[in-house]
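Structural features, examined
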Amino acid sequence: MKPLVYRRTSLQALALGALATPWSLVHAETSLAQAMRRALALRDEASRAGDQAYGAVVWRAGEIVGSAPSRVVTHNDPTAHAEMEAIRDAAKRLRSRDLSGCVLVSSARPCRMCETAAMWAGISRMVYGENMTDAGAPR
């Protein structure tokens, strides 16, 4: 198993500071790792479906609240990136456009469109790739 690698912030800052959750460091690490495994599984699902190989989940306080594979090709929609679809799914499930306190977990670094959507949704942090690189807050 690969060690978790974080840039810009430590896991402790990500789990306890940025999200202001009462979860222990170990719990947050496990949950975030599970969220990344789900994003990577969605990436593989998208690829098998003939779409672009991307997957994303929205994670909050130890729970996946939204998820999606890329649907750009299968839905003939240039905006159906995995991150956009996961944000839409989370907003629908939570019945709110405010996703404050959530982390966008993606199989790859989100593009400018997806990062901007994450910013407008109030996403607190972005984590991407198998090494779980912390991209910080969306800008």
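Up top is the structure.
On a predicted model such as this, the values are computed, not experimentally measured, just so you know.

1. Some points on the pattern of salt bridges
A side chain with one charge can pair with a side chain of the opposite charge if their charged atoms come near. One pass over the structure, following the stated rule, counts seven salt bridges. Across the salt bridge formed by Arg 93 and Asp 89, the nearest N and O atoms sit 2.9 Å from each other. One end of the pair is Arg 93 and the other is Asp 89, both in helix H3 (residues 82–94) and four residues apart, which spans about a single turn. In the salt-bridge network here, residues are joined through shared partners; they are Arg 43, Asp 44 and Glu 130.

2. Remarks on the side chain of Asp 134
Along the polypeptide, Asp 134 turns up in strand S5 (residues 133–136). Residue Asp 134 is classed as buried on the basis of its relative accessible area of 2%. A distance of 3.3 Å separates the side chain of Asp 134 from the side chain of Arg 125, its partner in a polar contact.

Rules of the game
Residues numbered from 1 in each chain as written. Predicted model: local features only at pLDDT ≥ 70, side-chain atom pairs only at ≥ 80, totals over all residues. Heavy atoms only, no water. Salt bridge = Lys/Arg side-chain N within 4 Å of Asp/Glu carboxyl O. Helix = DSSP H or I, 4+ residues; strand = E, 2+ residues; numbered from the N terminus. Buried < 20%, exposed > 50% of the residue type's maximum accessible area, 1.4 Å probe, protein only. Polar contact = N/O pair within 3.5 Å; in protein donor to acceptor, adjacent residues only side chain to side chain.

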